[in-house]
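Fold and contact review
Spelled out from the first residue to the last, the chains are:
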Amino acid sequence: MISLMRAEWAKLFTTRVWIGLLIGACVMAGGFAALFTGLAGQEQNGQPGIPAVGTQQYETLAFSVPANTSVLLLILGVIGMTQEYRHRTATPTFLTEPRRGRVIIAKLIAYALVAVPFALVIVAVDVLVVMIYAGARGAAPSLSAGNLQTLGASGLVLVVFAVIGVGVGALLRNQVAAIVGALVYLYVVEPIVSGIGAIQAAYKWLPGGAVQAMTSDFQAPELLRPWQGGLLLLGYGLVAALVGTLIAVRRDVT
Amino acid sequence: MGSATTATSVRVEVRGLSKSFGPVKAVSDLGFTVEPGSVTGFLGPNGAGKTTTLRMLLGLERPDAGTATFNGTPYAALPKPVLTVGAVLETAFHPARSGRNHLRVYCRAAGLPLSRADEVLTEVGLTDAGPRRAGGYSLGMRQRLALATALLGDPPVLVLDEPANGLDPEGIQWLRGFLRHLAHEQGRTVLVSSHLLSEVEQTVDRVVIVGAGQLIREASMEQLRSGASGAGTVLVRGPEMDRLADVLTAAGSSVSRSDGDLTVAGSTPAEIGHHAFSAGIELHELRPHTSGLEEIYFQLTAGTEQYAAPSPGSTSAPEAAR
């Protein structure tokens, strides 16, 4: 199992996909952190916008920014799995280890572990930008227990999304379909569900709702408790992984 | 190379193998044996089920029925399969990864020392190209890299699916020598598929011929050749072909005419030359047209092609044999 995981890391780091995704995620995290901090406390069209620097609401929002880059970790996992089918390396991979379940499990663990340093870097960029910019605007947040919990939850979201990505990749196998499908789901389906009153109640059970439950500290009765959200998201990751594994084991390699 | 070369000899046995894709029977009740120390050609027209059979042999596709084993063990149950079987199927690698890194990935996965990657690169003559992106390799280099991947575990069995595809004449020459060396001097079991007998004729010791998913013939090359002697056709040219046709027909050969040329089946060039000389007929050209082996192969596989085009000049179904 260890040797299979080593092989997965070798596959990942001998192409350059990971650099692009990590840089993209850092730029996204830093950019949103700066944007939220810059807009904090300003009124938008007479409505209260982002809470002012120095408030707990602002700090929770700013420290949950890393979770917004989860789509890039999802893509990392999707590419990690689907490139085997896209470039037909699934054949030598499954020839080397015909117990395909072990290959998929090694991939899931390898990507979960590799997502940890990725998440740490992305969280660090977010913290750096928030500390400097909010400090310049008068009140650098303290790394209180609550804020650390938000940061930890954001990082955990990233790790789980990498695992979900591997599972989705094993499920769909087609790289373009898997990435487009994931984007459509995250940016079209979930916003619609959360925006339509009649089915809004379902949103808290979706991955997006789980992420919000984990990272937002607002009084939000329509969301699960943070720990429940965390369990739910982990559940999604495990289900995607399990279904993906079963499919890879049963289907012919073509 | 050399460690496992003489250690184990592994016999490959296929018994009652069957596989359907929807209504199409790709392979039905196929059985054959591949012996150690020899190169076995796995022959048949395109669509005969060769690749499907090899993929079932390697545990990549699930047979509907039957077994394929290596000394009695199916591929998926081998403790460390790459130490027993090396396979060259379609050439598969990430274009952005170097050939050397590609090999090192599979060294890691199989728990082999990373130095094996450089050793097999040398064996297939790719040492200089190793650090370059595999996406930039020529077709021949890709085939060599696929072969290098198969050799990583120094396996006693090698399974190759159409390995000559994309190789230039020099590459084919090299591959022939390499496969014979692996089998004859190192005692490995080599199974190599091809849709052309002429491509592997000089390489293989035995043939397994399939058509439409079924076994047509399993034989040694000697057996095939002995059945093929005199089965070839001979092309004859000259000013008196009508008279020669009568003479040869009377002698029991079958003769066909086109553009004043004579194509003769059932006689050797020597016999035809003798008949012509006896009858005082002038000849301008006398040469073998198709080899007996090719003719036998065509006859054996005729009518089993999945997507045969009608032969030129005929509007109906393909001729049974040329």
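Calculation rules
Residues numbered from 1 in each chain as written. Chains lettered and ligands numbered in written order. Predicted model: local features only at pLDDT ≥ 70, side-chain atom pairs only at ≥ 80, totals over all residues. Helix = DSSP H or I, 4+ residues; strand = E, 2+ residues; numbered from the N terminus. Buried ≥ 20, exposed ≤ 12 C-beta atoms within 10 Å, placed from the backbone. Contact = placed C-beta atoms within 7 Å. Domains from an automatic or database assignment. Pairing = 2+ DSSP bridges. Axes fitted to C-alpha atoms, helices over the stretch in contact; angles between N-to-C directions. Nonpolar A, V, L, I, M, F, W, Y, C, P; charged D, E, K, R; others polar. Left-handed = near helix turned anticlockwise from the far one by under 90°. Parallel < 35°, antiparallel > 145°, perpendicular 65-115°, else oblique.

Quick look at the overall build of chain A
Looking only at helices and strands, one finds ten helices and two strands in chain A. Ordering the α and β elements of chain A from the N terminus gives α-α-β-β-α-α-α-α-α-α-α-α. Judged by the C-alpha coordinates and their principal axes, chain A covers about 60 × 40 × 30 Å. Counting the 254 residues in chain A, one finds 46% classified as buried. Partitioning the intrachain contacts of chain A with sequence separation of at least 6 by distance along the chain shows that 76% fall at a separation of at least 24.

Structural notes on unusual backbone geometry
Residue and element names in this part refer to chain B. Unusually for a residue other than glycine, Asn71 sits at a positive phi of about 45°. Tracing the backbone through its elements, the reader meets Asn71 in the loop between β4 (65–70) and β5 (73–74). When the 16 C-beta atoms within 10 Å are taken as the criterion, Asn71 is described as partly exposed. Of note, Glu162 is a non-glycine position whose phi angle comes to about 45°, a positive value. With respect to the helices and strands, the residue Glu162 is situated in the loop between β7 (157–161) and α5 (169–185).

Concerning helix α3 (residues 56–63) of chain A
Given 3.6 residues to a turn, an α-helix orients residues that are three or four positions apart in the same direction. For α3 of chain A, the complete set of buried residues consists of Tyr58, Glu59, Leu61, Ala62 and Phe63 of chain A. Against α2 (17–39), α6 (100–136) and α7 (145–172) of chain A lie the buried residues of α3 of chain A.

Here's the deal with the domain arrangement of chain B
Parsing chain B into structural domains produces domain 1 (12–226) and domain 2 (233–290). Put simply, the middle of domain 1 of chain B and the middle of domain 2 of chain B, counted by C-alpha atoms, are 43 Å apart.

What about the sheet that holds strand β6 (residues 85–88) of chain B?
All names here are of chain B. Judged by pairing direction, the sheet is mixed, and its six strands sit side by side in the order β6-β7-β8-β3-β9-β10 without closing on themselves. On the outer flanks of this sheet lie β6 and β10 (214–220), each paired with one strand and no other. Sheet twist, expressed as the average angle between the axes of neighbouring strands with direction ignored, equals 15°. Against the sheet, helix α1 (residues 50–57) engages β3 (39–43), β7, β8 (189–194) and β9 (206–211), with an angle of about 150° to β7. The sheet contacts of α5 involve β3, β7 and β8, and relative to β8 the element is tilted by about 150°.

Re the interface of chain B and chain A
Facing the 27 residues of chain B at the interface are 22 residues of chain A. The element that contributes the greatest number of residues to the side of chain B that touches chain A is helix α2 (residues 99–110) of chain B, accounting for seven residues. Split into classes, the residues belonging to the side of chain B that touches chain A amount to 16 nonpolar, five polar and six charged.

What about the pairing of strand β2 (residues 24–34) of chain B?
Along any regular strand, the residues point their side chains to alternate faces of the sheet. Residues and elements named next belong to chain B. As paired strands, strand β1 (residues 12–21) and β2 are joined by seven bridges and run antiparallel to one another. Its bridge partner being in β2, Val12 is matched across the sheet by Val34. Hairpin remark: β1 followed by β2, antiparallel, with two residues in the connecting loop; positive phi at Gly22, about 60°.

Focus on the sheet that holds β2 of chain B
Residues and elements named next belong to chain B. Strand order across the open sheet formed by four strands is β2-β1-β4-β5, with antiparallel pairing between neighbours. Edge positions in the sheet fall to β2 and β5, since each of these pairs with one other strand and no more. Two elements, β4 and β5, share two bridges in a ladder whose sense is antiparallel. Of the residues in β5, the one forming a bridge with Thr69 is Pro74. This element, α1, spans β1, β2 and β4 of the sheet and lies at about 120° to β1.

With respect to the packing of α6 of chain A against α7 of chain A
Residue and element names in this part refer to chain A. One way to put it is that α6 packs onto α7 with a least axis distance of 8 Å and a crossing angle of 145°. Remark: the crossing between α6 and α7 carries right-handed chirality. Among the residues forming the contact of α6 with α7, the class breakdown is 19 nonpolar, two polar and one charged.

Examining the environment of Asn46 of chain B
Tracing the backbone through its elements, the reader meets Asn46 of chain B in the loop between β3 and α1. C-alpha of Asn46 of chain B to C-alpha of Pro63 of chain B: the two residues are 17 residues apart in sequence and 20 Å apart in space.

Some details on the packing of helix α1 (residues 2–13) of chain A against α6 of chain A
All names here are of chain A. Direction vectors running N to C along α1 and α6 enclose 60°, while the axes themselves pass 8 Å from each other. Between α1 and α6, the crossing angle belongs to the class labelled oblique. Judged by the sense of rotation from one axis to the other, the crossing of α1 with α6 is right-handed. Contacts between α1 and α6 involve Leu4, Met5, Glu8, Trp9 and Leu12 from the first element and Arg102, Val103, Ala106, Lys107, Ile109, Ala110 and Val114 from the second. A breakdown of the residues in the contact of α1 with α6 according to their chemical character gives nine nonpolar, no polar and three charged.

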